[in-house]
Amino acid sequence: MLPFSGETRSKPFITAFFFLIYVVGVLINSSIITVICLEVADHTIVYLFICNLSIVDIFYTSVTVPKLLHMLLSGNHIVSFAQCYTQFQCFFTVAAVEETLLFVMAYDRYVAICDPLHYPHILNQRNCSLITIGIWVIAFFSASLYVTSALYMTSCHSNLIHQFFCDIKSLTRISCTGTTMFLIITAIDIFIFGCIPVTCTFISYIKIFNVIFKMKSRESRGKAFSTCSSHLTIISIYYVSCITDYLIPNQSDVLDLIFNIIFATLIPMTNPIIYSLQNSNVKTAM
């Protein structure tokens, strides 16, 4: 695995950069979880989702960055098939959880703004706990099916991955046989965990904005917009980087690396910052 081949002079800077991203991301997300669990008085459903998002973001960086730091510091870039597919399994699990969780948070905003009287019945503690557990279970088994199909691919073009972790495009680029079933399952997973959540999120916000624009009070409209702005910012950055990376073919290795760094390391670090800056209760507790 050669993510930064030929950049020996820049390796100390690259190592420090990823180390700082990892430490800051873990500390910020851990702080958000701790503050919400211990200090925020009204443990409403939105805070349960924010906690889960912080947990996912910790896993996001922990799946990829420590192995990258080990390679940069030790100079040993050999990755076994077991390590590669284990990393692929874990990364796809947390990616599927985050994509689904972002949609559920959009639905939470939709119910809170468009149908507030039924909010306690639709999104109560029991239902949201079951939804959260279901998201993790479904994502894990989907990733397991994904990895199982990837095991049938034969790497005959090359044994070099020009990426800082084992991802979909890197594995298919070095494979020449057994990719048909893998690509079929990839298309199905993109539809289930990509197209459906994006479409449902888009529909939810159309209905949300329709209700907001009908509000007569400017103060009510501003309050409603403020509750959605942080979530809109996060899903915009996340989906734009994912779509650009995975749905636009024939990119260079450098561009693929840049987009992977954005949504696998930078976005998990900035997610809690965006939410904490927009949430007065979290800021006060911090």
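Computed from a prediction, not measured in an experiment: that's the story for all the values here.

*Asks:* What's the story with the side chain of Ser54 in this structure? I'm lost.
*Replies:* One can find Ser54 in helix 2 (residues 45–74). Note on Ser54: relative accessible area 3%, which makes it buried. Apart from the residues lying within four places of it in its own chain, the contact partners of Ser54 are Asn29, Ile32, Ile33 and Pro272.

*Asks:* Help me out: how do you make sense of the UniProt feature "transmembrane region" (unreviewed entry) in the protein chain in this one?
*Replies:* Annotation from UniProt places "transmembrane region" (unreviewed entry) at residues 12–38, 45–65, 85–107, 128–147, 181–203, 224–248 and 254–277. What you have in residues 85–107 is 100% helix and 0% strand, and the ends, taken at the C-alpha atoms, are 33 Å apart. Across residues 128–147 one finds 100% helix and 0% strand; the C-alpha atoms that close the span lie 28 Å apart.

*Asks:* I would appreciate a short explanation of the packing of aromatic side chains in the present structure.
*Replies:* For any two aromatic rings, the description comes down to two numbers: the centre-to-centre distance and the angle of the planes. The tally for this structure, following the rule as stated, stands at 18 aromatic pairs. Aromatic pair Phe81 and Tyr85: ring centres 6.2 Å apart, planes at 15°, arrangement stacked. Within this pair, Phe81 and its partner Tyr85 are both found in helix 3 (residues 81–114), separated by four residues, close to a single helical turn. A ring pair is formed by Phe92 and Phe193, whose centres lie 6.3 Å apart and whose planes are at 90°; its orientation type is edge-to-face. A residue pair is termed long-range when its members are at least 10 positions apart, and Phe92 in helix 3 and Phe193 in helix 7 (residues 179–213) qualify at 101 residues. The class for Phe92 is buried, based on a relative accessible area of 12%.

*Asks:* What is the right way to read the nonpolar core from this model?
*Replies:* Proteins that are soluble and globular tend to have nonpolar side chains buried together. Phe18, Ile50, Tyr60, Phe88 and Tyr238 are the most contacted members of the largest nonpolar core, which totals 75 residues. Every element with two or more residues in this core is listed here: helix 1 (11–38), helix 2, helix 3, helix 5 (125–150), helix 6 (168–173), helix 7, helix 8 (218–246) and helix 9 (253–278). With residues near it in sequence (within four places) discarded, Phe18 still touches Phe4, Val65, Leu68, Leu69, Ile261 and Thr265.

*Asks:* Would you mind going over a nonpolar patch on the surface with me for this structure?
*Replies:* On the surface, Met181, Ile184, Ile188, Phe191, Ile192 and Ile196 cluster together to form a nonpolar patch covering roughly 550 Å² of accessible area. Mapped onto the fold, Phe191 is located in helix 7. Phe191 gets classed as partly exposed once you look at its relative accessible area, which sits at 49%.

*Asks:* Looking at this structure, I do not really get the state of the cysteines. What am I missing?
*Replies:* A disulfide bridge is the covalent bond that connects two cysteines by way of their sulfur atoms. Enumeration according to the criterion identifies one disulfide in this entry. Each disulfide pairs two cysteine sulfurs, and for Cys84 the partner residue is Cys166, the sulfurs being separated by 2.1 Å. Judged by the sign of its S-S torsion, about -125°, the bond between Cys84 and Cys166 is left-handed. Of this pair, Cys84 sits in helix 3 while Cys166 sits in the loop between strand 1 (154–155) and helix 6, and the two are 82 residues apart along the sequence. Of the two residues, Cys84 and Cys166, both sit in the buried class. This cysteine, Cys195, is not joined by any disulfide, and Cys200 carries the nearest cysteine sulfur, 11 Å off. Judged by relative accessible area, Cys200 falls into the partly exposed class, the value being 28%.

*Asks:* Can you walk me through helix 2 in this structure?
*Replies:* Residues that lie three or four places apart on an α-helix share one face, since the helix turns once every 3.6 residues. An ideal rise of 1.5 Å per residue puts 44 Å on 30 residues; helix 2 measures up with 44 Å between its terminal C-alpha atoms. Extensive coverage of helix 2 is indicated by the burial of 21 of its 30 residues. Positioned one or two residues after helix 2, Gly75 has a phi angle of 80°, which is positive.

*Asks:* Please explain helix 7 as it appears in this structure.
*Replies:* The terminal C-alpha atoms of helix 7 lie 49 Å apart, and with 35 residues this matches the ideal 51 Å at 1.5 Å per residue to within 8%. At Phe191, helix 7 shows its maximal kink, close to 35°.

*Asks:* Sorry, what's going on with the packing of helix 5 against helix 7 here?
*Replies:* Packed helix pairs are specified by the crossing angle of their axes together with the interaxial distance, meaning the distance between the axes. In contact at an axis separation of 8 Å, helix 5 and helix 7 are set at 160° when each is read in the N-to-C sense. Regarding the angle of helix 5 to helix 7, the classification is roughly antiparallel. Crossing geometry of helix 5 relative to helix 7 is assigned as left-handed. Residues Ile138, Ala139, Ser142, Leu145, Tyr146, Ser149 and Ala150 of helix 5 form the contact with helix 7, whose participating residues are Met181, Phe182, Ile185, Thr186, Asp189 and Phe193. For the contact of helix 5 with helix 7, a count of residues per class yields nine nonpolar, three polar and one charged.

*Asks:* How should I be thinking about the pattern of salt bridges in this particular structure?
*Replies:* When the charged atoms of two side chains with opposite charge come close together, those side chains can pair. Counted under the stated rule, the structure contains one salt bridge. Arg109 is the partner of Asp108 in a salt bridge, and the nearest nitrogen-oxygen pair spans 2.7 Å. Owing to a relative accessible area of 1%, Asp108 belongs among the buried residues under this scheme. For Arg109, a relative accessible area of 14% gives the class buried.

Criteria and cut-off values
- Residues numbered from 1 in each chain as written.
- Predicted model: local features only at pLDDT ≥ 70, side-chain atom pairs only at ≥ 80, totals over all residues.
- Heavy atoms only, no water.
- Helix = DSSP H or I, 4+ residues; strand = E, 2+ residues; numbered from the N terminus.
- Buried < 20%, exposed > 50% of the residue type's maximum accessible area, 1.4 Å probe, protein only.
- Contact = heavy atoms within 4.5 Å.
- UniProt positions renumbered as here; feature names shortened; annotations may be inferred.
- Phe/Tyr/Trp six-rings, centres within 6.5 Å; stacked < 30°, edge-to-face > 60°.
- Core = buried A, V, L, I, M, F, W, Y, C linked by side-chain atoms within 4.5 Å.
- Patch = residues over 30% accessible without salt bridge, like charges linked within 9 Å, V, L, I, M, F, W, Y side chains within 5 Å.
- Areas by Shrake-Rupley, 256 points an atom, 1.4 Å probe, with all protein chains shown as cover.
- Salt bridge = Lys/Arg side-chain N within 4 Å of Asp/Glu carboxyl O.
- Disulfide = S-S within 2.5 Å.
- Expected span 1.5 Å × (residues − 1).
- Bend = angle between axes of the 7 residues up to and from the residue.
- Axes fitted to C-alpha atoms, helices over the stretch in contact; angles between N-to-C directions.
- Parallel < 35°, antiparallel > 145°, perpendicular 65-115°, else oblique.
- Left-handed = near helix turned anticlockwise from the far one by under 90°.
- Nonpolar A, V, L, I, M, F, W, Y, C, P; charged D, E, K, R; others polar.

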